[in-house]
Amino acid sequence: MSERLDLIKSLIVPAKVIADVGCDHGLIAEYCASSGTADIVIASDISEKCLQKAKARLGDKANVRFVCCDGLGYKCDEAVISGMGGILICQILRNAEKLPKTLIVSPHRDGALVRATLLELGYGIGRDIPIFDRGKFYSIIRADKDCKASDLSDLQLKFGVDCEMPSQALKTRLEQLYNIYSVAPDKNRQILSDITAVMRLQGIEPQIKDDKTS
């Protein structure tokens, strides 16, 4: 099991109906069904082929329901949405039959759009954890309708609600981004300004490069 999935599981709170959206092999659904975290677990995927993989793993679990659908075409109390990009996650949330009380989302990209969409839909972000897993960077976000939604700064939207809190994963990601964008600092002045601001919050003093060559 990957560190990312372990962290996602640690953020799941007990609920009557929990959905594993885009379940693929059904690893999250299996955890919820086996741990007693949910009375009913919905394993859903747009792909019948992927859903068959989940059925092969979970077919003997009496409390699991399998649904082939696009997104959240059913009601649940809590939903886990991971393994996809942020744009798709936002589309799923906007097209949901009924938004669940609690969400755990892990976008591969476009985290700023996901955070802004969650706030727009009335969620408060309680946890926003950066993590590297198998060489890739992820943000794992838990949002709740009962958690008071608060305005986020531009830096919080882009780099995480808790971007001021020390995080080795975030430091590593910021250094990666800095090295990418500082190749052409004049062209990337705004994004570099944002990156360096958060680097300083993380206790890193970047070395500003110059476009000019001698």
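To start, this report covers the structure provided alongside it.

Procedures and definitions
- Residues numbered from 1 in each chain as written.
- Predicted model: local features only at pLDDT ≥ 70, side-chain atom pairs only at ≥ 80, totals over all residues.
- Heavy atoms only, no water.
- Helix = DSSP H or I, 4+ residues; strand = E, 2+ residues; numbered from the N terminus.
- Buried < 20%, exposed > 50% of the residue type's maximum accessible area, 1.4 Å probe, protein only.
- 1 Å grid on protein atoms, 1.4 Å probe; cavity = no way out; pocket = protein on both sides within 12 Å on 5 of 7 lines; lining within 4 Å.
- Points joined across faces, edges and corners; volume = space filled by probe spheres on them.
- Nonpolar A, V, L, I, M, F, W, Y, C, P; charged D, E, K, R; others polar.
- Axes fitted to C-alpha atoms, helices over the stretch in contact; angles between N-to-C directions.
- Parallel < 35°, antiparallel > 145°, perpendicular 65-115°, else oblique.
- Left-handed = near helix turned anticlockwise from the far one by under 90°.
- Contact = heavy atoms within 4.5 Å.
- Pairing = 2+ DSSP bridges.

**Thoughts on unusual backbone geometry**
Trans peptide bonds make up the majority, and among non-glycine residues the majority have a negative phi.
Right, on to step 1. Unusually for a residue other than glycine, Asp-24 sits at a positive phi of about 55 degrees.
Right, on to step 2. In this structure, Asp-24 sits in the loop between β1 (15–21) and α2 (27–35).
Right, on to step 3. Assessed through its relative accessible area of 30%, Asp-24 is described here as partly exposed.
Right, on to step 4. With phi around 60 degrees, Asp-110 is a residue other than glycine that occupies positive phi space.
Right, on to step 5. For Asp-110, a relative accessible area of 35% puts it in the partly exposed group.

**Details of the layout of surface pockets**
Empty space left among the atoms is revealed by rolling a probe the size of a water molecule over them.
Right, on to step 1. If you add up the space inside the largest pocket, you get close to 540 Å³.
Right, on to step 2. In terms of lining, the largest pocket is formed by 19 residues, of which the most central are Arg-109, Asp-110, Phe-137, Lys-158 and Arg-173.
Right, on to step 3. Breaking the lining of the largest pocket down by element, the ones donating at least two residues are α5 (111–120), β7 (136–144), α6 (154–159), α7 (168–181) and α8 (189–201).
Right, on to step 4. When its residues are assigned to classes, the lining of the largest pocket shows 10 nonpolar, 3 polar and 6 charged.
Right, on to step 5. As a volume, the second largest pocket reaches approximately 420 Å³.
Right, on to step 6. Looking at the second largest pocket, it is lined by 20 residues, and the ones nearest its centre are Arg-4, Leu-5, Asp-24, Leu-27 and Gly-83.
Right, on to step 7. Contributing elements (two or more residues each) for the lining of the second largest pocket: α1 (3–11), α2, β4 (78–84) and β7.
Right, on to step 8. With 3 residues, the single largest contributor to the lining of the second largest pocket is β4.

**Some thoughts on the packing of α1 against α2**
Right, on to step 1. At a closest axis distance of 11 Å, the pairing of α1 and α2 adopts a crossing angle of 40 degrees. The angle between α1 and α2 falls in the class oblique. Here α1 runs over α2; the crossing is right-handed. The residues of α2 that touch α1, namely those facing Leu-5, Ile-8 and Lys-9, are Leu-27, Ile-28 and Tyr-31.
Right, on to step 2. Of the residues assigned to the contact of α1 with α2, the class counts are 5 nonpolar, no polar and 1 charged.

**Digging into the sheet that holds strand β3 (residues 64–68)**
Right, on to step 1. The mixed open sheet is built from 7 strands, whose spatial order is β3-β2-β1-β4-β5-β7-β6. The open sheet is flanked by β3 and β6 (124–133), the only strands paired with a single partner. Across the sheet, the axes of successive neighbouring strands diverge by a mean angle of 15 degrees, strand direction being ignored.
Right, on to step 2. Pairing analysis gives 4 bridges linking β1 to β4, with the strands arranged parallel. Counted as the bridge partner of Ala-19 is Ala-79 from β4.

**Let's talk about the pairing of β6**
Sheet faces and side chains relate simply in a regular strand, where the side chains alternate between the two faces.
Right, on to step 1. Where β6 and β7 come together, 9 bridges link them in antiparallel fashion. By the bridge assignment, Asp-128 is partnered in β7 with Ile-141.
Right, on to step 2. In this antiparallel pair of consecutive strands, β6 and β7, the connection spans 2 residues, and Arg-134 shows a positive phi of 55 degrees.

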